[in-house]
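Structural description and commentary
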Amino acid sequence: MMNAIYSVVEDPAVALSLLVALAVFATLYTALPAFNSGTPLKQRMKSVALERDELRAKQRVRLAAEADRRRKMGGLREDQSGKMRTVVDRLDLRRALADEKTVAALRVAGFRGQNPLTRFLFFRLVLPFVGVACVLFYLFVMGGMADKPLFVKLFVGVLGAYAGFYLPVLYVSNRASKRKKSIQAAWPDALDLMLICVESGMSIEAAFRKVAEEIGAQSVELAEEFVLTNAELSFLQERRQAYENLAARTGLDTVRSVSQALIQAERYGTPVSHALRVLAQESRELRMNAAEKKAAALPPKLTVPMILFFLPVLFAVILGPAGIQVSERFGSGEAARPAE
């Protein structure tokens, strides 16, 4: 049997046939996966496409629901704004209570357009009457300040009207201060990012757009201003106006200096990167100086709380054991005298 096998293997024709068969098998084994690889890829792409369609359908449903909600809320707001605008226009409150400073203050606080100005004037008209009504209800219905004469009560009512008249101004001022703090805190980082974008070859519009995307996690107000400035750079006739609007909307000296540097770079062709680097360093130094100033003002602020709360406890802890020992010693001495 083995001799027969050896004789077959030793035959050159048989050996060549075996080698050819082995080569064909290896070729097919290697090539077939390549031919069949398209099928899993197609299946995977089909599943991804189906999932994408499902996500798109869900996104459309969500956007439609949100659009309906906004439409309803917008309709209510437009109705309210229309009523407020009617009252403001009929009484001509824009001429009586509004000026350029009022519009600038609203812009710095983040309120842009005519509707915020209309609401501001409407509430300045209505809140004095609300304040007087609340004060009179407290004085004459709830019996407050019953021992005071009528003149004092009327004076308190006038103070309530005065407070209601200036309450919108205080609200706008508070919003503006918070917005300035948010922008001021994120401004040095925004300048560093803008410097990196400009030095990498981006245009100033692309730099504004990129920085707005990145700085939004730190300051939404600053990202909003950058997006608005980018839009103004696209459609305004003079780019200088966009930079000046950015400085006017923020109301910060650091932003105004950067705007002036960008205006000079646009006018004279000076390099923007050098100016941004210097201004970013100055902004970081200003932020550090502000932090050091706040830290230096902390000890005087802690003096009164330490005197009122910390020192009495410290004296009690230090003198308490001595007082206990003295009281025990005198108590034991008085108890020993009758025994003698």
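Residues numbered from 1 in each chain as written. Predicted model: local features only at pLDDT ≥ 70, side-chain atom pairs only at ≥ 80, totals over all residues. Heavy atoms only, no water.

Here we look at the side chain of Lys-153
- As for its position among the elements, Lys-153 is in helix α7 (residues 150-199).
- Asp-147 is the oppositely charged side chain nearest to the buried, salt-bridge-free Lys-153, at an N-O distance of 7.5 Å.
- Those residues in contact with Lys-153 that lie beyond four places of it in its chain are Leu-139, Phe-140, Gly-144, Met-145, Ala-146 and Lys-148. (Helix = DSSP H or I, 4+ residues; strand = E, 2+ residues; numbered from the N terminus. Buried < 20%, exposed > 50% of the residue type's maximum accessible area, 1.4 Å probe, protein only. Lys, Arg positive; Asp, Glu negative; His and termini not counted. Salt bridge = Lys/Arg side-chain N within 4 Å of Asp/Glu carboxyl O. Contact = heavy atoms within 4.5 Å.)

Concerning the packing of helix α9 (residues 220-235) against helix α10 (residues 239-250)
- Contact geometry for α9 and α10: axes closest at 8 Å, N-to-C directions at 160°. By the angle between their axes, α9 is roughly antiparallel relative to α10. Judged by the sense of rotation from one axis to the other, the crossing of α9 with α10 is right-handed. Here Glu-225, Leu-228, Thr-229, Glu-232 and Leu-233 of α9 come into contact with α10, specifically with Arg-239, Ala-242, Tyr-243, Asn-245, Leu-246, Arg-249 and Thr-250.
- Among the residues forming the contact of α9 with α10, the class breakdown is five nonpolar, three polar and four charged. (Axes fitted to C-alpha atoms, helices over the stretch in contact; angles between N-to-C directions. Parallel < 35°, antiparallel > 145°, perpendicular 65-115°, else oblique. Left-handed = near helix turned anticlockwise from the far one by under 90°. Nonpolar A, V, L, I, M, F, W, Y, C, P; charged D, E, K, R; others polar.)

A word on the packing of aromatic side chains
- Considering all chains together, one arrives at five aromatic pairs under this definition.
- With 4.8 Å between their ring centres and 50° between their planes, Tyr-162 and Tyr-166 make a pair best called tilted. Highlighted residues: Tyr-162 and Tyr-166, both in helix α7, separated by four residues, approximately one helical turn.
- For Tyr-166, a relative accessible area of 35% corresponds to the partly exposed category.
- Ring pairing ties together the aromatic residues Tyr-162, Phe-165 and Tyr-166, which thus form one cluster.
- Directly above the aromatic system of Phe-165 lies the positively charged group of Arg-124, at a separation of 4.0 Å from the ring centroid.
- Seen from the ring of Tyr-166, Arg-124 lies directly overhead, with NZ or CZ sitting 5.4 Å from the centre. (Phe/Tyr/Trp six-rings, centres within 6.5 Å; stacked < 30°, edge-to-face > 60°. Lys NZ or Arg CZ within 6 Å of the ring centre and 35° of its normal.)

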